[in-house]
Amino acid sequence: DTCANAITTHDGTLNSFITPTLEQGRAHAKAADDARAQGKTGPLLGIPLGIKDLFCTTGVRTTAASRILGDFVPPYESTVTQNLLDAGAVFAGKTNLDEFAMGSGNLTSAFGPVQNPWKRTGSEAALVPGGSSGGSAAAVAGGLVLGATGTDTGGSIRQPASFCGIVGMKPTYGRCSRFGTIAFASSLDQAGPMTRDVTDSAIMLGAMAGFDPRDSTSVDRAVPDYRAALERGVRGMRVGIPKEYHAPGMSPEIEALWTQGIDWLRAEGAEIVDVSLPHTKYGLPTYYIVALAEASSNLARYDGVRFGKRVPAETLDALYEATRAAGFGAEVRRRVLLGTYVLSAGYYDAYYLRAQKVRTLIQRDFLSAFENVDVLLTPTAPSAAFATNEVPDDPVQMYLNDIFTVPASMAGVPAISVPAGLDGQGLPLGLQLIGKFFDEETLYAAARVLE
Ligand code: GLN
């Protein structure tokens, strides 16, 4: 009830929740109390969480922040949310996001933008929380919940975590089940925890992760004790600094923070090594081909017949057209069009196939770097949170937000954003650690030193 009150009192301006779930939350809390009374424990017993409104929750409206899903109420629970409930969590509500998780500012939601709880020193201007998991990030940063789920396709956990001063972990592709998570780009989508600190992240990931036969890309590997990994320290750890991440025009403050992070790790006994990931510059353009191609295919199911909203029309084709025109926002329509184009006969080889080949090269960059180092350290995003009126009109400028987060997504390797300092205007900035496949433990050990 404390959480519910906090949401009622403070979420008016933040708009971080689409659907508060007071009733369900009370039932979860009662279950947690009963379990405790019976002497049972659970890693998240009684812990209030926000759930990104991309995870299907039984009996609770799930919107993907899109009009096209209308009042879709899933008859089943996603594996990740079921795992969290099994660990004793209490769901406070479904959090806001960019429509179908497409965006970097939480500006494309059909339920309105989310405000970042942080403000520049001496200014009341509203800032974006980042995206697409902007509602989850704002709810955690604003203290409305103790943690929240996010999903990350090209940065949607890490970039909002950086903008809101919290910890965001994108695990290895295959670590958390995608079953019951509304798909954006299936070969990239990965769920992860968004929390106030690194310890909470380790506990929450331990509860979310695990093999699931209902997701064919879920990997059958035991979930390690991430909490134990926090105690490892970084003595003798080899930390790579990829030279290609010194992006032209990067703010001197972010460069300085990066150097600071290097110094912290070195002071704790890590060895710093310069590395090169030569295909980094192709990350963004190839991501925006692969992700959009997969999105155009995944979103074909919203046809006005099977799910949610329907705009009636004379013929079936007209019904599809009217429903999709009314149901999807501008950014989603742009992406479906582009994705369909790069998959179309004649362009498939030139764009999609080529992008997939470059994706392999990006992945090889990481594999060869990891022959020499245990982890990579980079900034999370090229800027701090920006104001709504500073949002570029050009969508490609907006896509540049993802420049540092997309390569790890394309490779499938895990990456975490840790709040590491404030800029001159008092806004949080994150540093990113990128790890080897299924080595979230090393990320946690190093993240602990940066927070
Ligand atoms: N900002 C990126 C995009 O718009 C990433 C989104 C995501 O990770 N879901 O595609």
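Residues numbered from 1 in each chain as written. Predicted model: local features only at pLDDT ≥ 70, side-chain atom pairs only at ≥ 80, totals over all residues.

A few points about the nonpolar core
At step 1: Grouped together as the largest cluster of nonpolar side chains are 129 residues, with contacts concentrated most on Leu49, Val375, Leu433 and Ala446.
At step 2: Ranked by residues supplied to this core, first place goes to helix α9 (residues 283-298) with nine residues.
At step 3: If sequence neighbours within four positions are ignored, Val375 has contacts with Met237, Val239, Leu433, Ile434, Gly435, Thr442, Leu443 and Ala446. (Core = buried A, V, L, I, M, F, W, Y, C linked by C-beta atoms within 7 Å. Buried ≥ 20, exposed ≤ 12 C-beta atoms within 10 Å, placed from the backbone. Helix = DSSP H or I, 4+ residues; strand = E, 2+ residues; numbered from the N terminus. Contact = placed C-beta atoms within 7 Å.)

Structural notes on the UniProt feature "active site" (unreviewed entry) in the protein
At step 1: This chain's UniProt record puts "active site" (unreviewed entry) on Lys52, Ser132 and Ser156. Despite a sequence span of 105 residues, these residues sit close together in the fold, their greatest C-alpha distance being 11.1 Å.
At step 2: Residue placement: Lys52 occurs in strand β2 (residues 48-52).
At step 3: Ignoring any residue separated from it by four or fewer positions in sequence, one finds Lys52 in contact with Thr95, Leu97, Ser133, Ser136, Ala148, Thr149, Gly150 and Thr151.
At step 4: If you trace the backbone, Ser132 turns up in the loop between β3 (90-95) and α4 (134-141).
At step 5: Those residues within four positions of Ser132 in sequence are excluded, and the remaining contacts are Leu97, Asp98, Ala101, Met102, Gly103, Asn106 and Ser156. (UniProt positions renumbered as here; feature names shortened; annotations may be inferred.)

Some thoughts on the site of the ligand
At step 1: The environment of the ligand is formed by 13 residues, the closest being Ala101, Ser104, Thr153, Gly154 and Ser156.
At step 2: For the shell around the ligand, a count of residues per class yields four nonpolar, seven polar and two charged. (Near = placed C-beta within 6 Å. Nonpolar A, V, L, I, M, F, W, Y, C, P; charged D, E, K, R; others polar.)

Concerning the environment of Ile182
At step 1: Tracing the backbone through its elements, the reader meets Ile182 in the loop between β5 (167-170) and β6 (190-195).
At step 2: With 26 C-beta atoms packed within 10 Å, Ile182 lands in the buried category.
At step 3: Distance from Ile182 to Thr62, taken between C-alpha atoms, is 9.1 Å for residues 120 residues apart in sequence.
At step 4: Look past the residues within four positions of Ile182 in its chain and what remains in contact with it is Leu54 and Ala64.

Concerning the pairing of β6
At step 1: Counted residue by residue, β6 has six buried out of six residues, so it is predominantly covered.
At step 2: Pairing of strand β4 (residues 147-152) with β6 involves six bridges; the strand directions are antiparallel. Each bridged residue has a counterpart across the sheet, and for Gly147 the counterpart in β6 is Thr195.
At step 3: Judged from the two bridges that link them, β5 and β6 form a sheet pairing that is antiparallel. The residue bridging Gly168 from the neighbouring strand is Met194, located in β6. (Pairing = 2+ DSSP bridges.)

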